[in-house]
Structure formats: C-alpha cells, structure tokens
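Overview (structure and organization)
Here is how the chains run, residue by residue.
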Amino acid sequence: MLNKKIALAAALAAVSVSAMAQGSVQLYGRMNTTMEHQKLGGQTVTGMFNNASRIGFRGVEDLGQGLKAGFVMEGGFSSDTGAGANATGLSFNRESELFLESHLGKLRLGKFSYESSMQTADMVSMHNHDTGSSADALYSYDTLRAGNQIGYRTPVFANTWVEVAHGFHEKQAGAQNVWDVAVSHQAANYSIGAGFTDHGDNRQYALRATYMLDQLTLGAYVQRVEMNKRTATAEKWNNYRVAAAYALGASELHANVGYADRDDSKSALQWTL
C-alpha cells in the first residue's frame, strides 16, 4: 500500500511539472525620459520629464483543449526620479487583469485599458506612445481604466472582432458603472476602429481609419463627446485628428493636427511635428 501511495504521489508530481512547463511569464516594460524646454502660457520651464514609463509581467498557461489562462500586471513609475506612479509607490495600477481565452473568445477580469480608446485615438497617436507634452490633448474620456471590469472579446471573424466591457462601481460613493464597446477590422494595408463609452452622464463615440503604404502610415479619427448630458451644465462637441508617420530605419518622422470643435471660448487646435 505504501508503494502505491509513493507511486501515486510521483505521478501527481510529474503531472504538475508537465503542466507548469506549458506556462510562461514575460517581463516587459519601457523607460522614456526627455529633456524639454516648455512654455505654457506665460510660464516657462526647463527640466527632465517622464513619459509614461512602466514595468509589467505577462503570463499565459495552456490548459488544454484550446483553452488558455493568463494574467497581466503593469505598474507605472517616474523614470526621472525613480518614484512609483502614486503616493504608495509602485503598484499595478495600470493593468491588473486575469483572462481566459479559447476559440470562443476572450473573457477579461480586473483592470485594463478600455478598447474604445485603444482602437481609436491610440491608433492615430503614433508618436511617443501618446505620452508626454506632445500627447493628444483633445481626445476626451472621463475614464480609461475604471477597474472592477469584466470584458468579453469575440473571436476574429472576417478580420473583425468586437469587445464589450463593463465596470462595476461596487456601491462606491459618487461612482457610476461604465459600459465600453469597441470594434476593430484589420486588412492587409488598412484598418478601421470604432469605440463607444457610457459612464453616467458622460458619453463618447469615435471612429478611426488607418492606412499603411510601405514606410508611410496615415491615420484619422473623429469623436463625438457628450458631457453632463442630464444636467444644466451639459456640453456637446466634436474632436478631429489627422496624422502621418514615415519610418526611416529605426527612426520615425511624425506630423499630426487635431481640432476640438467647441464654442469660441473652448475650441482648441493642437499640432505636433
């Protein structure tokens, strides 16, 4: 009987080792630091600036039968000072996601970037990962990662997928649930994306197109924004942006211009070269 128990324990250990061997964990991240001379209105400053530096861990395990489980943990930090992105130091406040994926699609749980933004503005903001002083200052979202989210992404069909996500407020004072929908279509030399977000009194719709020709990439989006729509301070406006990028080996040239079509006192123009 003892020999049977030992044999069974050894078999279970072998199964455990075999399962672990099918998994993998990747360490990733980026450090982006700039020296800049900035003039904002009447204020001038020269200094060193962090541009959304981050570190993360990504893991996936094959559970068999085409089913995979994985996670993403990502935290931001200041590359110019070494400090964490918040008062408590480094935390996984950017991404904290657990997912299951198969031929039926992908189920996401935790905190992750809403795809409505990733498939529209982020695809057009091609320079410097849309960070720093040259980032898109016009695209409007009142939440990018609400947390307490559940999302489902369909399988790719005809080069197209759809993702729907819901963020729970969990009875937090003043918080509201979030609905987010994104659509992505990818072809050989062009792609199209659309996004919709509803967060209480705030709502946004966006449509994006990108065209690739050898080293040249062209992109544009239009966004409709409705803020405080059920209150006396309700506002509605449109944002537009066009961009171009040309790759020269390891270097890139970028040009883009954006316009916020608001009333005379709040309309804005932003261009970057």
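Keep in mind the model is a prediction, meaning the values are calculated, not measured.

1. Quick notes on the pairing of strand β11 (residues 190-199)
By the bridge criterion, nine bridges tie strand β10 (residues 178-186) to β11 in an arrangement that is antiparallel. From the neighbouring strand, His185 faces β11, where its bridge partner is Ile192. Relative to strand β12 (residues 202-213), β11 runs antiparallel, the two sharing 10 bridges. Looking across to β12, one finds that Ser191 is bridged to Thr210. Hairpin connection, β11 to β12: the antiparallel pair is bridged by two residues, and Gly200 has positive phi, about 65°.

2. A look at the environment of Arg224
By secondary structure assignment, the location of Arg224 is in strand β13 (residues 216-227). A polar atom in the side chain of Arg224 sits 3.3 Å from the side chain of Asn238.

3. Describing the pattern of salt bridges
Following the criterion strictly, the structure yields 11 salt bridges and no others. Where Arg241 meets Asp136, a salt bridge forms, and the shortest distance between an N and an O atom there is 3.0 Å. You can see Arg241 sitting in strand β14 (residues 235-248) and its partner Asp136 sitting in the loop between α3 (121-124) and β8 (149-153), a full 105 residues away along the chain. No difference in accessibility class separates Arg241 from Asp136, as the two residues are buried. When the shortest N-O distance is used, the salt bridge between Arg230 and Asp201 registers 3.1 Å.

Criteria and cut-off values
- Residues numbered from 1 in each chain as written.
- Predicted model: local features only at pLDDT ≥ 70, side-chain atom pairs only at ≥ 80, totals over all residues.
- Heavy atoms only, no water.
- Pairing = 2+ DSSP bridges.
- Helix = DSSP H or I, 4+ residues; strand = E, 2+ residues; numbered from the N terminus.
- Polar contact = N/O pair within 3.5 Å; in protein donor to acceptor, adjacent residues only side chain to side chain.
- Salt bridge = Lys/Arg side-chain N within 4 Å of Asp/Glu carboxyl O.
- Buried < 20%, exposed > 50% of the residue type's maximum accessible area, 1.4 Å probe, protein only.

Nothing here speaks to function; it is all geometry.
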